[in-house]
Amino acid sequence: MRFSRKLLGPFVGTLAKKLDYYSQFQPSSLTIQQYLDFGRIGTAANSYTFLKNELLVRLANIMQEFTLLPPKLLQMPSSKMVSNWYAESFEDLLGFEASDASPEQVARFNDQLTVVLKRHAHVVETMAEGLIELRESDGVDIASEKGIQYFLDRFYINRISIRMLQNQHLVVFGNVLPESPRHVGCIDPACDVESVVYDAFENARFLCDRYYLTSPSMKLEMHNAVEKGKPISIVAVPSHLYHMMFELFKNAMRATVEYHGVDDDLPDIKVYVVKGNEDLSIKICDRGGGVSRTILERLYNYMYSTAPPPPRDGTQAPLAGYGYGLPLSRLYARYFLGDLFLVSMEGHGTDACIYLKAVPVEASEVLPIYSTSSRRNLTMGPQVADWSHHVPGQGNRPAQS
């Protein structure tokens, strides 16, 4: 059954009623250990029964927040396109709402998941285009910008989680092949961290060499504090770790070459990887000149980029884009209760730090929940200042001791 709606609407009619219903429920946060265990002993029928409901809940929670974005942004052509994709996918999945878990239905569901994945393949770039369209029209006020920033962090981590559910199901119970026989779905139960680091470095170096005709080298130090002398491995989604490392290496290389010049001897990028009892910690140190605290605070802002906007003729600058690489990398880190942050010394260089949970039962999904709190944060107007100056990193409130 198809629901009639305007081009964007925000979501109307019967679709809106279904969104109201499913957004009442909180999404089920899974640990990476639960993903792993179910991938080993679960059944296609059980996975289908869970997913057909959970995907609707996760979609509904974020689609409700989508309707609270500034009206000007919702009217941008690219934003309308993203909204339509989400409405269409929600409708498609509603078709399985009352279906049983027969092999035929599971097969149809798998086909539908493949369609949804393809439909949403370019959500990030298209939403970024929507922000560019907004900037080029009337711009955006500070209060709206804060609401957009709040929403996009939640929107993109929700997207990461939905794609994780879909890909895991399709690899374990569908026709998608795993990356290796050791993988359980998208998860490597013994992810070789050193291998991912080298892979990300070499691919970033290839781009740097092609663009600047030179690139810095890497010095890597590994320390396993749990099993001394043994290689470092963790339960992880290798593609997520690679995404973070590749982005940070690109940034470090670009900064190093542009600060020192292509004709100078370039200082090494130093990488430290340490596995402790609770955390896997990775630090990437460059001597690329660093940035000021003012700029550092903007680097996670979706409406700010140190690079010019990408061309709209289909070409892409190899080391720059929409400026989304760093904020998205931080979301990949935070998705399973890790983190990513930068410490920079203007005039010297930058340290980028990644923390990931080393214990898989503690690595829980961090998921946005549609609530009165999220509604308030998305619709809050300009606030009266309660400090004489904005202190970088502190927001508008003093740090609690």
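As a convention, each chain's residues are numbered from 1 in the sequence order in which they are written. With pLDDT at 70 or above as the cut-off, local features in this predicted model cover only qualifying residues; side-chain atom pairs require 80 or more to be listed or tallied, and sums for whole chains, interfaces and linings still use all residues. Neither water nor hydrogens contribute to the side-chain values; these are computed over all heavy atoms in the structure.

### What about the sheet that holds strand 6 (residues 339-345)?
Should DSSP find at least two bridges between two strands, the strands are taken to pair. Secondary structure counts use DSSP, requiring at least four H or I residues in a row for a helix and at least two E residues in a row for a strand, with both numbered from the N terminus. In space, the five strands of this open sheet follow the order 2-4-5-7-6, with mixed pairing throughout. Two strands lie at the open edges of the sheet, namely strand 2 (218-224) and strand 6, each paired on one side alone. Neighbour to neighbour, the strand axes of the sheet diverge by 15° on average, direction disregarded. Bridge analysis of strand 2 against strand 4 (residues 269-275) gives seven bridges, and the strand direction is parallel. Note on strand 4: the bridge partner recorded for H223 is V274. Here, residues are in contact when the closest pair of their heavy atoms is within 4.5 Å. For every element, the axis is a line fit to its C-alpha atoms; helices are fit only across the contacting stretch, and the angle between N-to-C directions ranges from 0 to 180 degrees. Against the sheet, helix 10 (residues 238-260) contacts strand 2, strand 4, strand 5 (279-289), strand 6 and strand 7 (348-357), and its axis sits at roughly 20° relative to strand 5. Most of the contacts of helix 12 (residues 325-335) go to strand 6, to which it runs at about 135°, and overall it touches strand 6 and strand 7.

### A word on the pattern of salt bridges
A side-chain nitrogen of Lys or Arg and a carboxyl oxygen of Asp or Glu constitute a salt bridge if their distance falls within 4 Å. Per the counting criterion, the structure on display carries 13 salt bridges. Between R58 and E54 there is a salt bridge, and its shortest N-O distance comes to 2.8 Å. Taken as a pair, R58 and E54 lie in helix 3 (residues 44-66) at a separation of four residues, close to a single helical turn. Residue class for R58 comes out buried when judged on its relative accessible area of 1%. Only protein chains enter the accessibility calculation, which uses a 1.4 Å probe; a residue whose area is less than 20% of its type maximum is buried, one above 50% is exposed, and one in between is partly exposed. With relative accessibility at 2%, the residue E54 sits in the buried group.

### Looking at the environment of D286
Topologically, D286 is positioned in strand 5. Note on D286: relative accessible area 10%, which makes it buried. Measuring from C-alpha to C-alpha, the distance between D286 and D268 comes to 7.2 Å, with 18 residues separating the pair along the chain. Not counting residues within four places of it along the chain, the set of residues in contact with D286 comprises A252, T256, I269, H348, G349 and T350. N or O atoms closer than or at 3.5 Å make up a polar contact, with two conditions inside protein: a donor-capable atom paired with an acceptor-capable one, and, for residues adjacent in sequence, both atoms drawn from side chains. Separated by 2.8 Å, the side chain of D286 and the backbone nitrogen of G288 make a polar contact.

### A short note on the packing of helix 10 against helix 12
Between helix 10 and helix 12, the least distance of the axes is 9 Å, while the angle of their chain directions is 145°. Judged by the sense of rotation from one axis to the other, the crossing of helix 10 with helix 12 is left-handed. Note on element contacts: helix 12 touches helix 10 through G325, L326, L328, S329, Y332, A333 and Y335, opposite H240, H243, M244, E247, L248 and N251. A clockwise turn of the near helix away from the far one marks a right-handed crossing, whereas an anticlockwise turn of less than a right angle marks a left-handed crossing.

### Looking at the packing of aromatic side chains
Only Phe, Tyr and Trp rings take part, Trp by its six-membered ring, and two of them pair if their centres are within 6.5 Å. Stacked means planes under 30 degrees apart, edge-to-face means over 60, and tilted covers everything else. Under the criterion given, the structure shown has 21 aromatic pairs. Taken together, a centroid distance of 5.3 Å and an interplanar angle of 80° make the contact between F96 and F109 edge-to-face. Here the residue F96 occupies a position in the loop between helix 5 (77-94) and helix 6 (103-119), and F109 occupies one in helix 6, the gap between them amounting to 13 residues. By relative accessible area, which is 2% here, F96 ends up buried.

### Comments concerning the domain arrangement of the chain
Annotation comment: domain bounds sourced from an automatic or database domain assignment. In terms of domains, the chain is made up of domain 1 (11-179) and domain 2 (188-309 + 318-362). Its C-alpha centre places domain 1 at a distance of 28 Å from the equivalent point of domain 2. Here the quantity called buried area is the accessible surface, traced with a 1.4 Å probe, that two parts lose on coming together, added over both. Taking both sides of the interface into account, the surface hidden between domain 1 and domain 2 amounts to around 2300 Å²; carbon and sulfur atoms contribute 72%. It is I32, Q149 and I160 that lose the most area in domain 1 upon contact with domain 2, and together they represent 26% of the buried surface on that side. Linking domain 1 with domain 2 are zero salt bridges. Linking domain 1 with domain 2 are six residue pairs in polar contact (both at pLDDT 80 or more). Only helix 2 (32-41), helix 7 (123-137) and helix 8 (142-173) provide two or more residues apiece to the side of domain 1 that touches domain 2.

### Regarding the state of the cysteines
By convention in this document, the label disulfide applies to cysteine sulfur atom pairs within 2.5 Å. Enumeration according to the criterion identifies zero disulfides in this entry. With no disulfide of its own, C191 lies 13 Å from the sulfur of C186, the closest cysteine sulfur. Looking at C191, the relative accessible area reads 1%, which means it is buried. Not part of a disulfide, C285 finds its nearest cysteine sulfur in C353, a span of 7.2 Å. Taking relative accessible area as the criterion, C285 reaches 14% and is therefore assigned buried.

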